[in-house]
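Spelled out from the first residue to the last, the chains are:
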Amino acid sequence: PSYYFQSYTSITTAHVRFYNYGIYAQDEWAIKPSLKLTYGIRLDRSGNPTCIDNCYNNLTSAFTGSTFNTNPNEPYDKVINTGLSQAYYGVDTLVPQPRIGLVWSPKNMGGLVIRTGMGMFADLSPGFLVSNIFANAPYPYTSVIGLVNSTNVGPQTSAAATSQFQVFKSGFQAGDNLAQLQAVDPVFSAPNYFSIPQHFATPEVIKWSFELEQPLGKKNVLIATYSGNHGYNLLALNGFANAYNASGQTFAGLPTAPRDAMFTGVTQLTNNNVSNYDGLTVQYKRALGYGFSGQAGYTWSHALDDISNGGAGEFYNGFSSLTSQVGPLASMSYSNADYDIRSSFVADFLWNMPFKTSSKGLDYLVRGWVLSSKFYFRTGTPFSIVDPFLAGELGGGSISGTMLAQYIGHGALPHSCGANAVDVACFTDSQFAGATSETGFGNLARNALYGPNYQDIDSSLYKRFLITERMYFQLGVSAYNLFNHPNFAPPNHNVGLPGFGLITGDVSPPTSAYGAFQGSAVSGRVAVLNGKFVF
C-alpha cells in the first residue's frame, strides 16, 4: 500500500533548551613508590529538555505494558496531554559515576608496568529526540491518507488530508473519541504517536581494562591491553508497540488487531537496552632512533548491542544500519553491533631522514627530508538481510521500521561478501521468502553477514629548506589512499530490489584532504601539494 502524509502545525519554530551540570573529583594515593592508586567520582545532572513555546505533546502515561488506555471510546483529550513545557515525564536527579585505577611497576621485572581500572560513564542522549515529542498530535498534526497507488496523489488527496486535520482539531477540543471523529469523516484514520519511557534513565556504560607494558631495550616497548564495557539504560526505537497483522496471512508473533485502536502506529522509545564489548590489543612502539619512530597495533574485538549508535534513530553506516528494532522484543535485535570490526591493524611511522654529505650544496638537497605514513587494514562491517516492504504488507501502517527477511535455505550463505560481489551476487532473492510468504521475524540474526574488508594507506613527504637558524620554507606532498585502492561498500541487502546481493558502491575514508567525515571526500587517491613559510 501507499500513503500520503501532510503535516499541519501551529508554530514554525520550536525554542528548545538543554542543560547539563557536572562535577568531578579525583585523588591519587602513592601506596608504594611502585604502586599508585587513582580514584575519583563524577556527578552529572541532565535537565529535562524544556520548550519555551510549550510545544510538547505526550500521552498521559507511557505506551507500555498494561498501563495505557485500550478503550477506543475514551476521548482523545483524556489520553493526550498537550502544551507541555517539559519533554519527559521524569529524569534522573543525579548520576554518580565512580572510577578507580591502579598502576604497578614490580621490581626486578625488567621495567614491566601493569595498569588496570574500572569506571562508570554516563552518555548524554541525543537532543534531537525531543523533535519527535513536539511532532506528536494534536499540534502539529499529520494526516495520513491511504492510496491505491502512489500515482493517485492530486488536489483531492490534499483536500482529504486537510479535512482530516480539521476534523481532529475541532474534535480534540470538543472531547470526541475515535468513533465520533469517523462519523464526521469516514476516511479519518487514527494518528500515529511517539511514546517515551515513564522515567527517562540516563544511558550509562561500565568500562574496565587491564594492560601490560614491557620495555624491550631502550627504544622499544610492547603493550598488551584487554578492555571491555557493558552499556545499560540504552535507547532503542520499538516500532511494534501497536503492531498487528492486517494481511490475513499467517505471521508468528503479531495479533490480528491493534492493541489500542485510538492510534495506528506507535513508536515506543525504550530505555532498557544493553550493549557489550570485549577487545584485545597488542601494540609495538619504536621510539626515536636514527630519525625513525613508529608504532603498530592489532586488535581483535567483538561488539554486540540491541541497536547501535545511540539507538535513537541515528545510523552508523548509511549503507546498512538499522535504526529501530526488528521485532516487538529488544532481544530479537540483540546481535553484532554495526561497528563490530573483528580484526583491525593500524600502523604509522615518521622518519626524519638523517642524510648528510660533505658537500654544502649537495647537503642542502639531501638533508631535511621527512617521510610519514599511516596504514589501516580491517575486516568488514556487518549488515542485515531485510525486507523493506514486509512492515507495510502486514501492519497497515501500524509498524514503523524495517524487518528482517526470512532465509529459506536454498544454498549456503557466505559469512562475508568480498570484493568479487561487484560481479557475482553474494546471495539471491530466491534464497529468501517473499513478503507475502514470510511467517516470522526472520531467521537470520541482525548484522549476521559482513561486508568487504577495508584498507587504506596515507603518506606524506616533505622537505625543509633552511633560510636561517630560525627560518625555513617547507614544501611537500600528502597522498590519501596512496595506491588508489577501492574499498567497497556492503552489498545491496534489500530483498526484492534490483541488484540484491551485488556491491554497487564504495566507501569514502573517514579523513581526507577535505577534512574528517566530509561529504565532499572521495574514495580514490587524492594528492595535495603544500608549502609553508615558518619564522
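Residues numbered from 1 in each chain as written. Predicted model: local features only at pLDDT ≥ 70, side-chain atom pairs only at ≥ 80, totals over all residues. Heavy atoms only, no water.

A.B. asks: Got a minute to help me understand the overall build of the chain in this structure?
C.D. replies: Per the secondary structure count, the chain includes five helices and 27 strands. By its C-alpha atoms, the chain is 100 × 60 × 50 Å across when sized along the principal axes. Split into buried and exposed, the 535 residues of the chain put 41% on the buried side. Once local pairs closer than 6 in sequence are excluded, the contacts in the chain between residues at least 24 apart make up 74%. Element-wise, carbon and sulfur atoms account for 59% of the exposed surface of the chain, whose accessible area totals about 26,800 Å². In the chain, the 28 positive side-chain charges and the 31 negative ones have mean positions that sit 20 Å from each other. (Helix = DSSP H or I, 4+ residues; strand = E, 2+ residues; numbered from the N terminus. Buried < 20%, exposed > 50% of the residue type's maximum accessible area, 1.4 Å probe, protein only. Contact = heavy atoms within 4.5 Å. Areas by Shrake-Rupley, 256 points an atom, 1.4 Å probe, with all protein chains shown as cover. Lys, Arg positive; Asp, Glu negative; His and termini not counted. Charge placed at Lys NZ, Arg CZ, Asp CG, Glu CD.)

A.B. asks: What is the right way to look at the layout of surface pockets in this model?
C.D. replies: If a probe the size of a water molecule is rolled over the atoms, the empty space left behind becomes visible. Considered as a void within the structure, the largest pocket measures approximately 900 Å³ in volume. In terms of lining residues, the largest pocket is bounded by 42 residues, among which Phe5, Val144, Asn192, Gly265 and Gly397 are the most central. Elements supplying a minimum of two residues to the lining of the largest pocket: strand S1 (2-8), strand S10 (141-147), helix H3 (178-184), strand S11 (193-195), strand S14 (266-289) and helix H5 (390-395). The element contributing the most residues to the lining of the largest pocket is S10, with five residues. Per-class residue counts for the lining of the largest pocket are 23 nonpolar, 19 polar and no charged. (1 Å grid on protein atoms, 1.4 Å probe; cavity = no way out; pocket = protein on both sides within 12 Å on 5 of 7 lines; lining within 4 Å. Points joined across faces, edges and corners; volume = space filled by probe spheres on them. Nonpolar A, V, L, I, M, F, W, Y, C, P; charged D, E, K, R; others polar.)

A.B. asks: Quick question: what am I supposed to make of the packing of aromatic side chains here?
C.D. replies: Centre-to-centre distance and the angle between the planes together describe a pair of aromatic rings. A full pass over the atoms with the stated rule returns 23 aromatic pairs. Ring geometry for Tyr88 versus Phe200: centroids 4.3 Å apart, planes at 20°, classification stacked. On the criterion of sequence distance, the pair formed by Tyr88 in the loop between strand S7 (80-84) and strand S8 (95-104) and Phe200 in the loop between S11 and strand S12 (204-216) is long-range, its members being 112 residues apart. On the accessibility criterion, Tyr88 (6% relative accessible area) is buried. In textbook terms, an aromatic cluster arises when at least three aromatic residues are bridged by ring pairs, as seen for Tyr8, Tyr76, Tyr141, Phe165, Phe168, Phe172, Phe188, Tyr193 and Phe263. Seen from the ring of Phe121, Lys207 lies directly overhead, with NZ or CZ sitting 5.0 Å from the centre. One residue, Lys463, lies across the ring of Phe465, its end atom 4.7 Å from the ring centre. (Phe/Tyr/Trp six-rings, centres within 6.5 Å; stacked < 30°, edge-to-face > 60°. Lys NZ or Arg CZ within 6 Å of the ring centre and 35° of its normal.)

A.B. asks: When you look at the side chain of Glu204 in this model, what are you seeing that I'm missing?
C.D. replies: With respect to the helices and strands, the residue Glu204 is situated in strand S12. For the buried residue Glu204, which engages in no salt bridge, the nearest side chain bearing the opposite charge is Arg99, 8.2 Å off. Here Glu204 is in contact with Val95, Pro96, Gln97, Met120, Phe121, Ala122, His230, Gly231, Tyr232, Asn233 and Leu234, once residues within four sequence places are set aside. (Salt bridge = Lys/Arg side-chain N within 4 Å of Asp/Glu carboxyl O.)

A.B. asks: When you look at the environment of Gly265 in this model, what are you seeing that I'm missing?
C.D. replies: Position of Gly265 relative to the elements: it lies in the loop between strand S13 (220-238) and S14. Sequence separation between Gly265 and Ala190 is 75 residues, and the spatial gap between their C-alpha atoms is 8.6 Å.

A.B. asks: Which parts of the structure should I look at to understand the state of the cysteines?
C.D. replies: Where two cysteines share a covalent bond between their sulfur atoms, that bond is called a disulfide. In the structure shown here, the tally under the stated rule is two disulfides. Two residues share a disulfide in this structure: Cys51 and Cys55, whose sulfurs sit 2.2 Å from each other. Since a negative S-S torsion denotes a left-handed disulfide, the Cys51-Cys55 link at about 130° is right-handed. In terms of burial, Cys51 and Cys55 fall into one category: buried. Each sulfur in the disulfide pair Cys417 and Cys426 lies 1.9 Å from the other. Because the torsion about its S-S bond is -100°, the bridge between Cys417 and Cys426 counts as left-handed. On the basis of relative accessibility, which here comes to 1%, the residue Cys417 falls in the buried class. (Disulfide = S-S within 2.5 Å.)

A.B. asks: Sorry, what's going on with the pairing of strand S24 (residues 471-480) here?
C.D. replies: A regular strand places its side chains so that they alternate between the two faces of the sheet. Examined bridge by bridge, strand S23 (residues 454-468) and S24 share nine bridges and lie antiparallel to one another. Bridge pairing in S24 links Lys463 to Leu475. Counted along the chain from S23 to the antiparallel partner S24, the turn is two residues long. Across nine bridges, S24 lies against strand S27 (residues 526-534) in antiparallel orientation. In the sheet register, Phe473 faces S27, and the bridge partner there is Phe533. (Pairing = 2+ DSSP bridges.)

A.B. asks: Mind showing me how you'd approach the pattern of salt bridges here?
C.D. replies: Where charged atoms from two side chains of opposite charge approach closely, those side chains can pair. If you walk through the whole model with that rule in mind, you get eight salt bridges. A salt bridge links Glu28 to Lys36, with the nearest nitrogen and oxygen atoms 3.9 Å apart. Judged by relative accessible area, which is 45%, Glu28 ranks as partly exposed. The exposure class of Lys36 is partly exposed, given its relative accessible area of 40%. Between Arg342 and Asp340 there is a salt bridge whose closest N-O contact spans 2.7 Å. Given a relative accessible area of 25%, Arg342 falls into the partly exposed group. Residue classification places Asp340 among the buried positions, given a relative accessible area of 0%. Here the salt bridges do not stand alone but share partners, grouping Arg115, Glu211 and Glu213 into one network.

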